[in-house]
Amino acid sequence: MNVNDPILSVRGLRTEFSGDRGDVRVLDDVAFDVGRGKIVGLVGESGSGKSMTALSLMGLVPRPQGSVSASSILLDGQDISKLDPAAMRRIRGRDIAMVFQEPMTSLNPVRKVWEQVGEPLAIHQGLGRKAIRKRVLDMFELVGIPEPRTRLDAYPHQLSGGLRQRAMIAMGLICEPKLLIADEPTTALDVTTQAQILALMRDLRDRVGTSIIMITHDLGIIAEMCDEVNVMYAGQMVEQADVFDLFERPSHPYTRGLLASIPRATVARAARRMPSIPGMVPNLARLPPGCRFAPRCGEVMAQCHRPPDLLSVGDGHAARCWLHAAGAVLPEGEMR
Amino acid sequence: MTGSALQPETGTAAPDDRIVLSTRDLTKHYRVGGGMFAGPPRVVRAVDGVTLDIRARETFALVGESGCGKTTLGRVMLRLQEPTSGTIRYRGTELTSLGEGPMRALRKNLQIVFQDPFASLNPRMRIGEILAEPLRSHGYGTPGEIRDRCTELLEMVGLRRQYLRNYPHQFSGGQRQRIGIARALANKPDFVVCDESVSALDVSIQAQVLNLLSDLQDQLKLTYFFITHDLAVVRQFADRVGVMFLGRLVEVGTTEELFARPLHPYTMLLMSAVPRPDPRRRGEDRPMVQGEIPSPMNLPKGCRFHTRCPFARDICRVEDPALQTLGGRSVACHFPLDG
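1. Quick notes on the overall build of chain B
- Helices and strands together make up the secondary structure of chain B, namely 9 helices and 12 strands.
- Against the compact-globule benchmark of 20 Å for 339 residues, chain B has a radius of gyration of 21 Å, which places it among compact chains.
- Along the first, second and third principal axes, the C-alpha set of chain B runs to 70 × 55 × 55 Å.
- Residues counted as buried form 44% of the 339 residues belonging to chain B.
- Considering only contacts within chain B whose residues lie at least 6 apart along the sequence, 66% involve residues at least 24 apart.

Now the structure itself:
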């Protein structure tokens, strides 16, 4: 295995749900990589497919309504896209772990915290209670839970939201997974607690080398945390870039619109009205025929009735937009 | 009550009609627990001595973290919940001593928009009925006049009149919030509490709804009491800000003063905790709040913030600082930062 190979490489990921009114494709040809020891962001609004990407990778899309297919999902070189549910269970929690938004709903309220945090060790490594308790204590120290020894025997409701999320991160990391997927891990937390949890995750990446997929709607979190970013819209990747490129040279009109419309705490108000993106996210069952963003786009052109591919706009930077096709007719004054 | 004394904002010598709503030493305490096996009941001081003047046609943002009492304060100000003590004045009328009938009549002027306005509404009612209900209960007019007003309200918030026949589940989050706003504005209020009204919306939609609120404020001469946990929205939307911590206001000022030069350490630490959409600045070493918020049932002695404050000294552990006016700004701190 080459250390330069990504820890995760996803190609052609497609997830569909069948319902009364026919099939809906919630992910369409999703492809991205996660480098070793990198924090890679998936950012988008509700319905963009960012959480569905995580569930698809984890084999957690509900069946039989949902179906997942992919050309390949290479996890440390092993293709996990064709594994059966039993094999997937052995991977989950051991090789890929996930941290969710609301830790209270992922924890059993009547079981002690240490038993739950240590459960992956019992499942995947068959350790005894004493060894598990010791490992959980180590993990509690690693994730900065104060008075870790006394917290082992706590029940979830006896911990604050911030401590519960630290415990969930401890549980995610306890088998030293190759990849941690964090789905809006701080969205339910207060801003001061959020800052502490984000600092913890950065620190874990630096000290332990954990590779992380960070799923969020918050471009502030992307800017603070990520090395690379994937912007999703209506089930597709619409822009992929290094984090600095994304913020300095956003190349998809959707990314530009998002960056313009986020309220900023560090900049004084410039005008009474804020820039916004008109309209709303399309219904996935009734997508426009061409570019999915075209109905809301201020730079729409004749080509946009045909679906664009991800087009290169620079080194490791791509955007799904006809503005970047050779021979595209650019709006006046627009620099390529 | 210690720590709650405050001069009303007389420094500006503004005529009284510039103040729409004011509170003096407002408190709301809850008893929790108690009972056969639970031991003696304990008291949660959700709002603990708040004195505040809201000026006509301003947007006053109340910002704080969960459990700080901001939602309770918003509800008590409108007497949706009864205060434990203190007074509320709305345009010269003392609300706390007002009888049920006159209070009901005044309620037309005082409205609230929630985070999800549909959570409390009947999913089987059409939008037309949802909008007509507050009009009927305040005797707005004939059925024809009510129908016209509903159409007008819908168009006012940027929705088509055809939607009057639709049901709540047929709308997106942004559209629902527009309907919630239309309903709150049905009886032409002039004071509107917005409680996390844009917090659940996607950013592209959030900006649309904030712009709508701005436009309506200009057209209808509204005053907003804007409750939120989101400091970025506060900076882009509010004229003045109150920062709340554990039932108290710890700082009040104009948005620009407060963000440019926070006086209270908590304000400064809150602002520094907001993730910045600027990757070039992520290497910067920023001060971080330590530890956890104390329980409102078991408040620390002295300043409520001292257990998390990096600048706390001996006096902070003993004496509860009052909200004081300092060069036209208000702060409750023994050692305010350089203003």
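Text resumes after the structure shown.
2. Quick word on the packing of helix α5 (residues 173-184) of chain B against helix α6 (residues 203-220) of chain B
All names here are of chain B.
- Where α5 meets α6, the closest approach of the two axes is 10 Å, and the angle between their N-to-C directions is 15 degrees. In terms of axis orientation, α5 runs roughly parallel to α6. As for the relative orientation of α5 and α6, their crossing is right-handed in sense. Across the interface between the two elements, Gly 173, Gly 174, Gln 177, Arg 178 and Ile 181 of α5 pack against Ile 205, Gln 208, Val 209 and Leu 212 of α6.
- Partitioned by chemical class, the residues of the contact of α5 with α6 number 4 nonpolar, 4 polar and 1 charged.

3. A few points about the packing of helix α3 (residues 127-137) of chain B against helix α4 (residues 143-156) of chain B
All names here are of chain B.
- α4 packs onto α3 with a crossing angle of 120 degrees between their chain directions and a minimal axis gap of 9 Å. Taken together, the axes of α3 and α4 lie oblique to each other. As α3 runs across α4, the sense of the crossing is right-handed. Every residue of α4 that contacts α3 at Gly 128, Leu 131, Ala 132, Leu 135 and Arg 136 is listed here: Ile 146, Arg 149, Cys 150 and Leu 153.
- Along the lines of polarity and charge, the residues of the contact of α3 with α4 split into 6 nonpolar, 1 polar and 2 charged.

4. A short note on α3 of chain B
Residue and element names in this part refer to chain B.
- Among the residues of α3, Ile 127, Ile 130, Leu 131 and Ala 132 are the ones counted as buried.
- Buried positions along α3 lie against α4 and α5.
- Directly after α3, the chain includes Gly 139, whose backbone phi takes a positive value near 60 degrees.

5. Considerations on the confidence of the model for chain B
All names here are of chain B.
- Put simply, chain B has an average pLDDT of 90, and 93% of its residues get 70 or more.
- Low pLDDT, under 50, characterises residues 1-16; the predicted model gives this stretch 20 contacts beyond four residues in sequence or across chains.
- Interface scoring of the predicted complex returns ipTM 0.88; its pTM is 0.90.

6. A word on the environment of Met 271 of chain B
- Tracing the backbone shows Met 271 of chain B in helix α9 (residues 265-273).
- C-alpha separation for the pair Met 271 of chain B and Thr 307 of chain B, spaced 36 residues apart in sequence, amounts to 19 Å.
- Every residue in contact with Met 271 of chain B, bar those within four places of it in the chain, is listed here: Ala 265 of chain A together with Leu 231, Phe 259 and Pro 262 of chain B.

7. Some remarks on the nonpolar core
- The biggest cluster of nonpolar side chains holds 178 residues, and the ones touching the most others in it are Ala 170, Ile 213 and Met 214 of chain A together with Phe 226 of chain B.
- Not counting residues within four places of it along the chain, the set of residues in contact with Ala 170 of chain A comprises Val 117, Met 139, Phe 140, Leu 142 and Val 143 of chain A.

Calculation criteria
- Residues numbered from 1 in each chain as written.
- Chains lettered and ligands numbered in written order.
- Predicted model: local features only at pLDDT ≥ 70, side-chain atom pairs only at ≥ 80, totals over all residues.
- Helix = DSSP H or I, 4+ residues; strand = E, 2+ residues; numbered from the N terminus.
- Rg over C-alpha atoms; globule rule 2.2 N^0.38 Å.
- Buried ≥ 20, exposed ≤ 12 C-beta atoms within 10 Å, placed from the backbone.
- Contact = placed C-beta atoms within 7 Å.
- Axes fitted to C-alpha atoms, helices over the stretch in contact; angles between N-to-C directions.
- Parallel < 35°, antiparallel > 145°, perpendicular 65-115°, else oblique.
- Left-handed = near helix turned anticlockwise from the far one by under 90°.
- Nonpolar A, V, L, I, M, F, W, Y, C, P; charged D, E, K, R; others polar.
- pLDDT = per-residue confidence, 0-100.
- Core = buried A, V, L, I, M, F, W, Y, C linked by C-beta atoms within 7 Å.

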